[in-house]
Amino acid sequence: MKKRSEAEHSSSDKLTVERLMGLGGQSARKSHYPELVAKLEELEEERNRYKSIFEHAQHGIFQARLDSGLIAANPALARICGYTDPHQLCSRVDSFASGLLFDAEEYPLLLEKLKLYGKLFGYETRLLRQDGSAVDVSLNVLLKDDDQGSLMEAFVADITERMKAQDKLKKLNEELEQRVEDRTRELVSLNQKLVSEIGERSIIEQALKVARDAAEQANKSKDKYLAAASHDLLQPLNAARLLVSTLQERELAEENNHLVERIHIALEGAEELLSDLLDISRLDQNAVQPDLTSIPLDYLFRMLQVEFQPVAEQRSVLLHVQSSGLNIRSDARLLMRVLRNFLSNAFRYTPAGRVLLGARRRGAHLDLQVWDTGPGIPEDKLEDIFREFQQIDHQYQTGRKGVGLGLAIVERIAGMLEHPISVSSKPGKGTMFSVLVPISTDPVQPMLQPQQMPQQDLSGRPVLVIDNEQDILVSMKALLEQWDCEVCVAIDPAEAIENYLSKGVKPQLILADFHLNNNATGVEAIDQVRQYAGYDIPAAIITADRSPEGRKLFRERQLPVLNKPVKPGKLRALISHLLHPPQKIGG
């Protein structure tokens, strides 16, 4: 068989290709050529599109053989790696083994994982740049096989900024952790310091508590001492006062009368000063507790009228009392202390004229007022008069000068009772002091209506005096005998019964001190004498005790009380009340 020539062979091959492409024969070329041109143009457009995408992609793209190097790369990858164009990059990185793209130690690890999984997504590594520096990237890699071997196709994202942000965030986290640690350490230190301060404060508070308890105990001791001292001081004052009063009622030589009067004034000053000091101390120590009850105003005003009428007559001053039929709610003893001070000042600074004690209604209250026609008080001195040891000097002042504590006590009492006080004055015309008290609608207990009996005949009236102080017994005996009473004196009820009652003496009145020997009380002494006598003998307590407990006991036993030092006028009025019972009011 003849071997075909080379030209024949070539012509035959060309014909075969043309037939395979549908171009065999003139008719075929004419029918398929337009379609081929369209296909080629379509393919060219597709190639250009992919080429444009490849060249303008923001992320790097490359193809590479595992055993050689880069086959193709886009401009983005060249920029990432610091090259001017992709050809320069591909020509230089002709082998990955050269370590010009991947780190020599990192590439085997990448290759191992790629062969194991066939693809990698988000694989973070570093690519070497032309200048020798490195850039952080994230790879999406596919491993393919073709007739020439294994082919690697990859998309490369520059994550430098992200890594910087992560590093910055990590640094911030580390700084934050450090700040938290420092702050925690600081808080621990502060907490330890606070615990230490709390401990010190607890020690200080304990010390303060001890000091406070000691101070309270000292105050209690002071109160006890003051009470005991007042009792011891008031006893001789009481005895002296009674003896001087006895001498005043006797006919003495003119020079002796003058001396007795000076002694009387001196004793009054000492008595008032001591009483005021005791009252101030007890008020400041909250030792005085008000006993609020419903009180007929007529009762209080009548008591004050009986007490101050002799003073008014002695000083030729007209005392006018304008009462009210209403009841008030207050502490009778404390309110009497306030009104008594107002009246005492009124008479002290009114040489002639009149003093008015009256009441005016102010809604649900009564304004109890004391007016005088004295010289008045300058406006700039109105506030000073309520301070301790403050007095207004007047040329018209009559009687003994005070010590300047009365109005200070009044202000404290009024504050405790919540009874507002006020003062108004016109120099040259007079002064008005007032206290505002609430009106009471509660029922009141029947009360003895006080009567003024300064000259009541006491002749032949047997009176029993029980006191554990001999000086008091002597002075009381002298004064009562001056009033023509038949006086029996004893230091306790046993002596009274033995010396008098057992011998047929029937006392019509008992005057007993409250604190007797051996912790006995005057109340118990009165009960024993009454029990022995077999009848209810009128009785009263004469004491220096001003405690709330004592007042409560006397009120419960319905025993009248006179506080030492006893004023003879009040003593005689009390005796007259008990021996000639007046009518009762209220109820």
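On a predicted model such as this, the values are computed, not experimentally measured, just so you know.

What counts, and at which threshold
Residues numbered from 1 in each chain as written. Predicted model: local features only at pLDDT ≥ 70, side-chain atom pairs only at ≥ 80, totals over all residues. Heavy atoms only, no water. Helix = DSSP H or I, 4+ residues; strand = E, 2+ residues; numbered from the N terminus. Buried < 20%, exposed > 50% of the residue type's maximum accessible area, 1.4 Å probe, protein only. Contact = heavy atoms within 4.5 Å. Areas by Shrake-Rupley, 256 points an atom, 1.4 Å probe, with all protein chains shown as cover. Expected span 1.5 Å × (residues − 1). Salt bridge = Lys/Arg side-chain N within 4 Å of Asp/Glu carboxyl O. Bend = angle between axes of the 7 residues up to and from the residue. Pairing = 2+ DSSP bridges. Axes fitted to C-alpha atoms, helices over the stretch in contact; angles between N-to-C directions. 1 Å grid on protein atoms, 1.4 Å probe; cavity = no way out; pocket = protein on both sides within 12 Å on 5 of 7 lines; lining within 4 Å. Points joined across faces, edges and corners; volume = space filled by probe spheres on them. Nonpolar A, V, L, I, M, F, W, Y, C, P; charged D, E, K, R; others polar. Phe/Tyr/Trp six-rings, centres within 6.5 Å; stacked < 30°, edge-to-face > 60°. Core = buried A, V, L, I, M, F, W, Y, C linked by side-chain atoms within 4.5 Å. pLDDT = per-residue confidence, 0-100.

From N to C terminus, the protein chain includes 15 helices and 19 strands. Within the protein chain, buried positions represent 40% of all 587 residues. Taking contacts inside the protein chain between residues at least 6 apart in sequence as the whole, the part at least 24 apart equals 66%. Roughly 33,900 Å² of accessible area belongs to the protein chain as shown, and the carbon and sulfur atoms make up 52% of that amount.

What follows covers helix α11 (residues 470-482). Under the 1.5 Å per step criterion, the end-to-end length of α11 is 18 Å for 13 residues, consistent within 8% with the ideal 18 Å. What α11 keeps buried is the set I472, L473, S475, M476, A478, L479 and L480. D484 sits one or two residues past α11 and shows a positive phi near 70 degrees.

In this structure the tally under the stated criterion is 18 salt bridges. Two residues, R185 and D182, come together in a salt bridge whose shortest N-O distance is 3.0 Å. Note that R185 and D182 are positioned in helix α6 (residues 160-248) at a spacing of three residues, about one turn of the helix. Here D182 falls in the partly exposed class, since its relative accessible area comes to 33%. Between R362 and D367 there is a salt bridge, and its shortest N-O distance comes to 3.9 Å.

A few words now on helix α8 (residues 297-314). Taking 1.5 Å of rise per residue, 18 residues should cover 26 Å, and α8 covers 26 Å from first to last C-alpha, within 8% of that figure. In the structure, α8 departs most strongly from a straight axis at F308, where the bend amounts to approximately 40 degrees and where the proline P310 lies between one and four residues downstream. Among the residues of α8, those classed as buried are L297, Y299, L300, F301, L304, V306, E307, F308, Q309 and A312. One or two positions beyond α8, positive phi appears at S316, with a value near 55 degrees.

A few words now on the sheet that holds strand β3 (residues 119-128). Sheets are built from strands that pair by backbone hydrogen bonding, the pairs being arranged parallel or antiparallel. Strand order across the open sheet formed by five strands is β2-β1-β5-β4-β3, with antiparallel pairing between neighbours. The sheet is open, and its two borders are formed by β2 (70-73) and β3, each paired with just one other strand. The average angle at which neighbouring strand axes cross in this sheet is 30 degrees, direction not considered. Relative to strand β5 (residues 149-158), strand β1 (residues 60-65) runs antiparallel, the two being bridged by six bridges. By the bridge assignment for β5, A64 is matched with M152.

Here we take up the pairing of β1. Within β1, five of the six residues are buried, leaving the element largely enclosed by the surrounding structure. Looking at chain direction, β1 and β2 are connected through three bridges and run antiparallel. Across the sheet, residue Q63 finds its bridge partner in β2, namely A72. If you look at the hairpin formed by β1 and β2, you'll find four residues sitting between the two strands.

Our next topic: empty space enclosed by the protein. Across all of its chains, the model carries one cavity of 30 Å³ or more by this definition. Here the largest cavity defines a volume of roughly 50 Å³. V465, D467, I472, M476 and I542 are the residues nearest the centre of the largest cavity, which is lined by 11 residues in total. Of all the secondary structure elements, the ones that give two or more residues to the lining of the largest cavity are β14 (462-466), α11 and β16 (509-513). The dominant element in the lining of the largest cavity, judged by the number of residues it contributes, is β16, at three residues. In terms of residue class, the lining of the largest cavity is built from seven nonpolar, one polar and three charged.

Let us look at the packing of aromatic side chains. Applying the stated criterion across every chain, the model contains four aromatic pairs. The interplanar angle of 10 degrees and the centroid separation of 5.9 Å between the aromatic rings of F308 and F347 together place this pair among those described as stacked. Taken together, the residues F308 in helix α8 and F347 in helix α9 (residues 332-348) connect sequence positions 39 residues apart. Ring geometry for F342 against F433: centres 5.1 Å apart, planes inclined by 25 degrees, an arrangement best described as stacked. Taken together, the residues F342 in helix α9 and F433 in strand β12 (residues 430-440) connect sequence positions 91 residues apart. A relative accessible area of 1% means that F342 is categorised as buried. The buried category is assigned to F433, whose relative accessible area is 6%.

A word on the environment of Q322. Mapped onto the fold, Q322 is located in strand β7 (residues 317-322). Overall, the relative accessible area of 44% leaves Q322 in the partly exposed class. For the pair Q322 and G358, spaced 36 residues apart in sequence, the C-alpha separation works out to 4.6 Å. What Q322 contacts, discounting residues up to four positions off in sequence, is F301, L356, L357, G358 and A359.

Right, let's talk about the nonpolar core for a bit. Counting 45 residues, the largest nonpolar core has V465, M476, L480, I510, L511, L571 and I575 as its most contacted members. Residues in contact with L571, not counting those within four places in the same chain, are M476, L479, W483, L511, I542, L562 and V566. Among the nonpolar cores identified, the runner-up in size contains 39 residues, and L297, F301, L335 and A359 belong to it.

The five strands lie next to each other as β15-β14-β16-β17-β18, forming an open sheet whose pairing is parallel. Only two strands of the sheet have a single neighbouring strand rather than two, namely β15 (486-490) and β18 (561-563). The sheet shows a mean angle of 20 degrees between the axes of neighbouring strands, taken without regard to direction. With five bridges connecting them, β14 and β15 associate as parallel partners. Residue V465 lies in a different strand from β15, and its bridge partner there is V489.

As a further point, take the confidence of the model for the protein chain. Averaged over every residue, the pLDDT of the protein chain is 80; residues scoring 70 or more account for 79%. Considering only residues more than four positions removed or in separate chains, one finds that residues 12-23, a stretch of pLDDT under 50, has 11 contacts. Here residues 450-454 is a poorly scored stretch, pLDDT under 50, and it has 19 contacts once near neighbours within four places are set aside; other chains count.

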